[in-house]
Amino acid sequence: MDNFIPQIFTTSASLVDSVDRKLLVVLRDGRKLIGVLRSFDQFANLVLQDTIERIYVGDAYGDIPRGIFIIRGENVVLLGEIDLDKEDELPLRQVPVEEILLAQREEMEARARREKLKNKLLHDQGFSVDFTETDLY
């Protein structure tokens with residue numbers, strides 16, 4: 001039988017090959033977690049061990065140790081295996097957690113100011129601006 005066609009799983013069963021491997025998981029809220037996959041279930045709920053939360057700002061990153069992490073499957077946006085040979089060759093610089101959290105807060109505040117200015121300019125020109133964050137309905 002030279003015509004063997006590999007079976008491709010499109011369910012949580014496709015995670016079998018990733019058990020005991022180091023993974024990057026991106027969540028719906030934007031957080032990025034790195035840890036070793038220890039278990040999963042039919043809903044793609046994950047258990048990560050030795051988990052860190054990695055925060056990126058510009059060309060810098062900081063790691064927050066989180067330990068054992070249980071992730072509900074519906075919150076996973078992306079999941080991928082980390083190449084351990086290339087992991088140490090990041091073109092980014094690691095900074096202390098306090099420094100990256102401060103940089104992240106400054107970046108979010110700058111983004112909010114830009115968004116506010118953009119909304120004001122659009123409103124001044126007669127466009128309807130989305131107020132979902134401040135709308136009390």
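Reading guide: rules and limits
- Residues numbered from 1 in each chain as written.
- Predicted model: local features only at pLDDT ≥ 70, side-chain atom pairs only at ≥ 80, totals over all residues.
- Heavy atoms only, no water.
- Pairing = 2+ DSSP bridges.
- Helix = DSSP H or I, 4+ residues; strand = E, 2+ residues; numbered from the N terminus.
- Contact = heavy atoms within 4.5 Å.
- Axes fitted to C-alpha atoms, helices over the stretch in contact; angles between N-to-C directions.
- Buried < 20%, exposed > 50% of the residue type's maximum accessible area, 1.4 Å probe, protein only.
- Polar contact = N/O pair within 3.5 Å; in protein donor to acceptor, adjacent residues only side chain to side chain.

In the nomenclature of an unreviewed UniProt entry, the chain corresponds to U6 snRNA-associated Sm-like protein LSm1 from the organism Dentiscutata erythropus.

Any chance you could explain the sheet that holds strand E4 (residues 60-71) here in plain terms?
Remark on secondary structure: sheet strands pair via backbone hydrogen bonds, oriented parallel or antiparallel. Sheet architecture is open: 6 strands sit in the order E5-E1-E2-E3-E4-E6, paired in mixed fashion. Looking along the sheet, the strands with just one partner apiece sit at the ends: strand E5 (76-81) and strand E6 (93-94). Where strand E2 (residues 32-40) and strand E3 (residues 46-57) come together, 7 bridges link them in antiparallel fashion. Paired with Ser39 across the strands is Val47, a residue of E3. Contacts from helix H1 (residues 97-124) reach E3, E4 and E6 within the one sheet, and its direction differs from that of E3 by about 60°.

Just to check I follow, could you spell out the pairing of strand E1 (residues 22-27) for this structure?
The side chains of a regular strand alternate between both faces of the sheet. Relative to E2, E1 runs antiparallel, the two sharing 5 bridges. Of the residues in E2, the one forming a bridge with Lys22 is Val36. What sits between the antiparallel neighbours E1 and E2 is a turn of 4 residues, in which Gly30 has the positive phi angle 95°. Examined bridge by bridge, E1 and E5 share 5 bridges and lie antiparallel to one another. Looking at the pairing, Leu23 lines up with Glu81 of E5.

What exactly am I supposed to notice about the side chain of Asp63 here?
The residue Asp63 is located in strand E4 in this model. The class of Asp63 is buried, set by a relative accessible area of 15%. Of the polar contacts made by the side chain of Asp63, one reaches the side chain of Arg54; its length is 2.7 Å. For Asp63, the residues in contact, after removing those within four places along its chain, are Ile52, Glu53, Arg54, Gln94 and Val97.

Explain the pairing of E4 to me, please; I cannot follow it from the model alone.
As paired elements, E3 and E4 share 10 bridges and run antiparallel to each other. Each bridged residue has a counterpart across the sheet, and for Leu46 the counterpart in E4 is Ile71. Connecting E3 to the antiparallel partner E4 that follows it, the hairpin turn spans 2 residues, and Gly58 within it adopts a positive phi of roughly 60°.

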